[in-house]
Amino acid sequence: LDVHATAPFRIIRAFAPLLRDAGKAEVLDGTTVQDRSIINVSSTSGLHGNLGQANYALAKAGVLGLTKTVAKEWGPFGVRCNSVAFGMVDTRMTQSNDGDDSEADDDAPPQGLPPDVAAMWSSPKMLKMAVPLQRKGTPDEAAGAVLMLASPYASYITGATLECTGGMGI
């Protein structure tokens, strides 16, 4: 919960002077309010829940509430706040945790899925059944979702959650 819910709250609060307060000053000065954007990271677990992930689902659902609240409170000052809910993106977190954490520091918790779960998600048959695009997403595709929300093309989008899932969950 500290990483997935408390940290986004604290980061947004720390940036309030640069985002909200700067926009408020523009409003008071009568100058054009500049477009500012916050993008939070959520998960399909926050949208739909997930077996064995009550704490993670709780935290990621909290991020969605935070996103909508900041969008409503800071919108008048030109600050957009959106989130991206990722599905199965091919990263270290969605690969097998086979016990080899040689790249991680000694205090880091193990990363990845249990080997049997990772094997299930690596199965083309499983991907065809669960994901309409029939594959995992790439880190570049995940970054593209964030980039799109940060861009001027999303200047009238706030309080939204973009699902970057390949269609999983529809």
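Our structure's up above, just so we're on the same page.
Because the structure is predicted, anything quoted here is derived from the model rather than measured.

## Brief notes about the nonpolar core
Part 1: Ranked by size, the top nonpolar core spans 10 residues in total: Ile12, Ala16, Leu19, Ile38, Leu66, Val70, Ala71, Trp74, Val79 and Cys81.
Part 2: Residue assignment for this core shows that the elements contributing at least two residues are helix 4 (54-74) and strand 2 (79-86).
Part 3: Apart from residues lying up to four places away in sequence, Leu19 is in contact with Arg36, Ile38, Trp74 and Val79.

## Considerations on the sheet that holds strand 3 (residues 161-164)
Picture the strands of a sheet paired through backbone hydrogen bonds; they go either parallel or antiparallel.
Part 1: Taken in spatial order, the 3 strands of this open sheet run 1-2-3, and their pairing is parallel. Strand pairing shows two members of the sheet lacking a second neighbour, strand 1 (36-43) and strand 3, which therefore form its edges. Across this sheet, the average inter-strand angle for adjacent strands is 25 degrees, counted without regard to direction.
Part 2: Across 4 bridges, the pairing between strand 2 and strand 3 is parallel. Looking at strand 3, one finds that Ala85 is bridged to Glu163.
Part 3: On top of the sheet, helix 4 reaches strand 1, strand 2 and strand 3; it is set at about 160 degrees to strand 1, its chief contact.
Part 4: Contacts between helix 7 (residues 139-150) and the sheet are confined to strand 1, strand 2 and strand 3, with strand 2 contributing the most and set at about 165 degrees to the helix.

## Notes on the environment of Phe86
Part 1: Assignment of secondary structure puts Phe86 in strand 2.
Part 2: Overall, Phe86 belongs to the buried group, its relative accessible area being 16%.
Part 3: Spatially, the C-alpha atoms of Phe86 and Ala145 are 9.3 Å apart, while their sequence positions differ by 59 residues.
Part 4: With sequence-adjacent residues up to four places away left out, Phe86 is seen in contact with Val41, Ser42, Ser43, Thr44, Ala142, Val146, Cys164 and Thr165.

Calculation notes
Residues numbered from 1 in each chain as written. Predicted model: local features only at pLDDT ≥ 70, side-chain atom pairs only at ≥ 80, totals over all residues. Heavy atoms only, no water. Core = buried A, V, L, I, M, F, W, Y, C linked by side-chain atoms within 4.5 Å. Buried < 20%, exposed > 50% of the residue type's maximum accessible area, 1.4 Å probe, protein only. Helix = DSSP H or I, 4+ residues; strand = E, 2+ residues; numbered from the N terminus. Contact = heavy atoms within 4.5 Å. Pairing = 2+ DSSP bridges. Axes fitted to C-alpha atoms, helices over the stretch in contact; angles between N-to-C directions.

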